[in-house]
Amino acid sequence: GFKEIQLKMANILKGRTLIGHALKNDLKCLFLDHPKSKTRDTALFRPLTRPLRANERAQDSGIARGRGSRSLKELCASHLGLEIQGGEHSSVD
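First, a word on what this report is: a plain description of the structure on this page. Predicted model, so just to flag it, every value in this text is computed and none were measured.

### Notes on the overall build of the protein
Within the protein, the secondary structure is distributed over 3 helices and 2 strands. In the protein, the share of contacts with a sequence separation of at least 24, taken over all contacts with a separation of at least 6, comes to 20%.

Here's what the structure looks like:
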């Protein structure tokens, strides 16, 4: 069941560098944490981010936020010349 998968994933990730896109979503689903020093996330990598849109610039507190992430679909198209996720979302893409 879920606990088995969660334990297997935790063991696979232990001591390794995790590379992916918007990893917080995947880790959240599995109720797992991973050290930031061992994480490479294309959604957070500054050279791949975009300036914030006007409606994203301030939170309720009025404090300016950082930069926005581009979608994996957009990154693949602009940097690799690949079209992915043309229909339903696919983990294979």
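Past the structure itself, the notes keep going.
### Points about helix 1 (residues 2-13)
The periodicity of an α-helix, 3.6 residues per turn, causes residues three or four positions apart to be oriented the same way. Taking 1.5 Å of rise per residue, the 12 residues of helix 1 would be expected to cover 16 Å, and the 16 Å separating its terminal C-alpha atoms lies within 8% of that figure. Of the residues trailing helix 1, Gly15 is marked for its positive phi of about 75 degrees.

### A closer look at the side chain of Thr49
For Thr49, the position within the fold is in the loop between strand 2 (39-41) and helix 3 (72-80). For Thr49, the side chain forms a polar contact with the main-chain oxygen of Arg46, separated by 2.8 Å.

### What about the pattern of salt bridges?
Evaluation of the coordinates by the stated rule reveals 1 salt bridge. Its salt-bridge partner being Glu74, residue Arg70 comes within 3.0 Å of it at the nearest N-O pair.

### Some thoughts on unusual backbone geometry
Here Ala22, not a glycine, exhibits a phi torsion of approximately 55 degrees, which is positive. Within the secondary structure, Ala22 sits in the loop between strand 1 (18-20) and helix 2 (23-29). For Gln85, which is not glycine, the phi dihedral falls at a positive 55 degrees. Its place among the elements puts Gln85 in the segment after helix 3. Here Gln85 falls in the buried class, since its relative accessible area comes to 19%.

Calculation rules
- Residues numbered from 1 in each chain as written.
- Predicted model: local features only at pLDDT ≥ 70, side-chain atom pairs only at ≥ 80, totals over all residues.
- Heavy atoms only, no water.
- Helix = DSSP H or I, 4+ residues; strand = E, 2+ residues; numbered from the N terminus.
- Contact = heavy atoms within 4.5 Å.
- Expected span 1.5 Å × (residues − 1).
- Polar contact = N/O pair within 3.5 Å; in protein donor to acceptor, adjacent residues only side chain to side chain.
- Salt bridge = Lys/Arg side-chain N within 4 Å of Asp/Glu carboxyl O.
- Buried < 20%, exposed > 50% of the residue type's maximum accessible area, 1.4 Å probe, protein only.

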